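Residues per chain are reported as follows:
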Amino acid sequence: MILPMKKLTLLVLDSQKKAALKTLRNFGAVHIEKETASSDTLTELQNTYTRVQQAEALITESQPKKAEKAQTETLTLSRNDLLQAVDEILDLKDQESNTRAAINKLTGDIEAYNAWGDFEPKDIHSFEENGIYLTMGELPEKSYTALPETIKTVRLAGGKKTVRFAIVSETADVPADLPSDFSPLILPDMRLSAMHTERERLQKQLPSFKAKIGTRTELLAPLKAEAKKLAKEIEFETVRAGMEVIPLEEDTAAASGIDSSVTLAASGNTANAANGTTGTAAKEPIRLARLSGYILAEKQADFAGLAKANGWAFISDDPAEEDAVPTAMRHNRFVQLLTPLTDFLGTVPGYREPDISLWFLLFFGIFFAMIFGDAGYGGILVILSLIGIVKAKAKEQPAPLAMQMFLYLGVLTVIWGTATCNWFGISVEYIPAWLKNLSVPAISNVTEESIRNANLMQFCFTLGLIQLTIGHIISIVRNIRSPQILGHIGSIAMLCGMYVVVLSLVVSAERYQINQPVMIAVGGGFALNFIFSNYQTGIGQSIVDSLKNIITMFLGVVNVFADIMSYIRLWAVGLAGSAISATVNQMAGPALGSFLIFLGVLLLFFGHGLNYIMNVLSVIVHGVRLNTLEFSNHVGLTWAGFKYEPFAE
């Protein structure tokens, strides 16, 4: 169930807000609305947090692959010492980056100067002492031969297209009448051979930086712990810096009987101020700090006591319609099994949306079993889950919820696989008679394929009809006092009519005829839905709103058909998995009866393992979709919520 919340507005003296936040964090039950905040402290904390994370990532990436997993001693460092180590790690990374940049520059210079040969730049500059200036460059052959005689050159090298030469002059100025395609040579800092030597030296030095970083694995645990501390400090400072400061005018304070030494006290569910003076003559204006957030309704009384004990003022009220209220959920032990899946998906219902966790869990388990469709696969999941639970119990730890969920899913898969007589894709003639007798004839592999498939498809569509109808029943219960329930009744009628249409088109047109009752169900259901689905203040208003969305309303009939049809994926995906299992067995069969038995066993493990992984992906794609899309749409659930995360240690 989704727990009711109360909206809080808390007022404390600005001078006491830091102490108040520490008390509030120890209380650990208020979800704070974080405002945009900035402060020098916050910036410094964020920068430090980033550096710590960078250092941790660098050590993790650089440590040897066979590094020891556990340290013999736990390293304890002060924050200053740890940050000094962080600076050393980041400095090594900077040195590595600079060295890599220098290598890249040298590589580019070598490519650029290679054609000019191994000359010494200092020798070129030495001519200037004797009044001779050399300007080196290159020109196309035609441009070079067309140079005027006033320009004295020394041809150094050249090919068919380009000539490299030096211009000899008595001044440092380059001749003005050079052609536009002249490319001057900028003299390097060192000769070509020295570039090669320096690059080789740097390339040998480059791995040492990563090696030095990788040796600091003893810092990993302290860095992780420090990152957690910094994250909490950042959260605290974000809240503190984001609190709105409200200066209380002198005349307002006087009118309220509040002076600069006011003590704020909370009483009940409304804001109250109790006068209390200390005899001081301070004339400074009172400054209050405001904080907004949400608290569980069941914790409101505890918070009121805390506020009174600390001299705070607060207002608590039911959240307004436009408020973004966090969602806090509480389930029984069975429904709690869904938590690992919803945490993985990141799906949270809105505060004012219905909680469909029970139905989600029940139908997801059925979908999972049908998609896996194999009792053998389910048995493996049951065994692995039990092993995980037993290991946790042996360590005197609670059984992981994920293992409990997998156990639930595995049991359902075994039941479904037994009902369909599907065991690792083994052909029916090789399955023991007692297992065949446990199967349900209508959907068992023992039954003729065409009859079995028709029954399975009908089962899928029936399952879809039941789940989607439950969605509208949930909406009817939530809106029991509103005429909107007639719109949902119309939707149920459309579902029933379209269910027969789908069976007629897919299963058998003779058995399921699209007759007058079916058409009345679809047409009448559409009419009810059209008139009442948007009901707020009156039927006229509802019809007008429907007319505004007339195309969407007509497409809704098609969507009903598509939603029911969508459940055929359970049969199709399950059938594909069974076919892959049977194919793997057929491929491995001949090898199992010969000297290639090892190859056959390997093929069985690989083939069934791959099919197992594909089934998991299919469950995520198809099994989850039917709950979060088709079913949720009919419930009116958008999953637009966010978790209740109280400000706490």
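Please read all numbers here as calculations on a predicted model, not as lab measurements.

Asks: What should I look at first to understand the overall build of the chain in this one?
Replies: Of the regular secondary structure elements, the chain holds 21 helices and eleven strands. On C-alpha atoms alone, the chain measures out to a radius of gyration of 38 Å, which is more than a quarter above the 26 Å that the 2.2 N^0.38 rule sets for 649 residues. Burial status across the chain gives 41% buried among its 649 residues. For the chain, the proportion of contacts with a sequence separation of at least 24, taken over those separated by at least 6, is 79%. On the chain, roughly 35600 Å² of surface is accessible, and the fraction owed to carbon and sulfur atoms is 59%. Charged side chains of the chain number 54 positive and 64 negative; the gap between the two group centres comes to 7 Å.

Asks: Before we go on, may I ask you to explain the packing of helix α16 (residues 484-506) against helix α19 (residues 550-566) in this structure?
Replies: For any two helices packed against each other, the geometry comes down to the angle between their axes and how far apart the axes lie. Two elements in contact, α16 and α19, have axes whose closest approach is 9 Å; the angle formed by their N-to-C orientations is 60°. As far as their axial angle goes, α19 and α16 are oblique. Where α16 crosses over α19, the handedness of that crossing is right-handed. Of the residues in α19, those touching α16 at M494, L495, M498, Y499, V501, V502, L505 and V506 are V557, V560, F561, I564 and M565. Its residues placed into classes, the contact of α16 with α19 shows 13 nonpolar, no polar and no charged.

Asks: Please explain unusual backbone geometry as it appears in this structure.
Replies: Glycine aside, negative phi is the norm for most residues, and most peptide bonds take the trans geometry. In the Ramachandran plot, F424 falls in the positive-phi region, its phi being about 55° despite a non-glycine side chain. In this structure, F424 sits in the loop between α13 (401-420) and α14 (433-438). According to the relative accessible area criterion, F424 is partly exposed, its value standing at 31%. Phi is positive for W639, close to 55°, though the residue is something other than glycine. Along the polypeptide, W639 turns up in the segment after α21 (597-635). Given a relative accessible area of 19%, W639 falls into the buried group.

Asks: How do you make sense of the nonpolar core when you look at a structure like this?
Replies: Soluble globular proteins: nonpolar side chains tend toward being buried together. Of all hydrophobic cores here, the largest spans 61 residues; its most connected members are I356, F364, F461, I564 and L570. Leaving out residues up to four positions away in the same chain, L570 has contacts with F367, M370, I371, C460, L463 and L626. In terms of nonpolar packing, the next biggest core, distinct from the first, is built from 31 residues, L8, L10, L21 and L296 among them.

Asks: Honestly, a nonpolar patch on the surface in this entry has me stumped. Any pointers?
Replies: A cluster of nonpolar side chains, contributed by I380, I383, L384, I387, F424, I426 and Y430, occupies part of the molecular surface with about 670 Å² of accessible area. If you trace the backbone, I383 turns up in helix α12 (residues 375-394).

Asks: Help me understand the pairing of strand β3 (residues 133-140), please; the structure alone is not making it clear to me.
Replies: It is a general feature of regular strands that their side chains alternate between the two faces of the sheet. Bridge count for β3 against strand β5 (residues 162-169) is eight bridges, and the pairing is antiparallel. If you follow L134 over to β5, its bridge partner there is V168. When β3 meets strand β6 (residues 183-184), the two strands line up antiparallel, connected through two bridges. Bridge pairing in β6 places E138 opposite S183.

Asks: It is not clear to me how the layout of surface pockets should be interpreted in this structure. Could you clarify?
Replies: Regions of empty space are outlined by a rolling probe, equal in size to a water molecule, passed over the atoms. Approximately 800 Å³ is the volume found for the largest pocket. Along the wall of the largest pocket there are 30 residues; nearest its centre are H472, S491, N529, N633 and H634. Per-class residue counts for the lining of the largest pocket are seven nonpolar, 18 polar and five charged. Of the volumes computed, that of the second largest pocket is approximately 590 Å³. Of all the secondary structure elements, the ones that give two or more residues to the lining of the second largest pocket are α13, α15 (449-478) and α20 (568-592).

Asks: Sorry, what's going on with the packing of aromatic side chains here?
Replies: Enumeration over the complete set of coordinates arrives at 20 aromatic pairs. Relative to W639, the ring of F360 has its centre 6.1 Å away and its plane inclined at 80°; by these criteria the two rings are edge-to-face. Placement of F360 in helix α11 (residues 357-372) and of W639 in the segment after α21 is noted, with a sequence separation of 279 residues between them. Assigned by exposure class, F360 and W639 land together as buried. Note on F367 and Y567: the rings are 6.0 Å apart at their centroids and 65° apart in plane angle, and the pair reads as edge-to-face.

Asks: Explain the environment of T23 here, please?
Replies: Examined against the element boundaries, T23 turns out to sit in helix α1 (residues 17-27). A C-alpha to C-alpha distance of 48 Å links T23 and H488, two positions 465 residues apart in sequence. The residues contacting T23, other than those within four sequence positions of it, are L306, N310 and W312.

Asks: Any chance you could explain the sheet that holds β6 here in plain terms?
Replies: Note on sheets: strands pair through backbone hydrogen bonds, and any given pair is parallel or antiparallel. Here we have four strands laid out as an open sheet, ordered β4-β5-β3-β6, and antiparallel in their pairing. The sheet is open, and its two edges are formed by β4 (152-158) and β6, each paired on a single side. In this structure, β4 lies alongside β5, joined through six bridges in antiparallel fashion. Across the sheet, residue R155 finds its bridge partner in β5, namely F165.

Parameters at a glance
- Residues numbered from 1 in each chain as written.
- Predicted model: local features only at pLDDT ≥ 70, side-chain atom pairs only at ≥ 80, totals over all residues.
- Heavy atoms only, no water.
- Helix = DSSP H or I, 4+ residues; strand = E, 2+ residues; numbered from the N terminus.
- Rg over C-alpha atoms; globule rule 2.2 N^0.38 Å.
- Buried < 20%, exposed > 50% of the residue type's maximum accessible area, 1.4 Å probe, protein only.
- Contact = heavy atoms within 4.5 Å.
- Areas by Shrake-Rupley, 256 points an atom, 1.4 Å probe, with all protein chains shown as cover.
- Lys, Arg positive; Asp, Glu negative; His and termini not counted.
- Charge placed at Lys NZ, Arg CZ, Asp CG, Glu CD.
- Axes fitted to C-alpha atoms, helices over the stretch in contact; angles between N-to-C directions.
- Parallel < 35°, antiparallel > 145°, perpendicular 65-115°, else oblique.
- Left-handed = near helix turned anticlockwise from the far one by under 90°.
- Nonpolar A, V, L, I, M, F, W, Y, C, P; charged D, E, K, R; others polar.
- Core = buried A, V, L, I, M, F, W, Y, C linked by side-chain atoms within 4.5 Å.
- Patch = residues over 30% accessible without salt bridge, like charges linked within 9 Å, V, L, I, M, F, W, Y side chains within 5 Å.
- Salt bridge = Lys/Arg side-chain N within 4 Å of Asp/Glu carboxyl O.
- Pairing = 2+ DSSP bridges.
- 1 Å grid on protein atoms, 1.4 Å probe; cavity = no way out; pocket = protein on both sides within 12 Å on 5 of 7 lines; lining within 4 Å.
- Points joined across faces, edges and corners; volume = space filled by probe spheres on them.
- Phe/Tyr/Trp six-rings, centres within 6.5 Å; stacked < 30°, edge-to-face > 60°.

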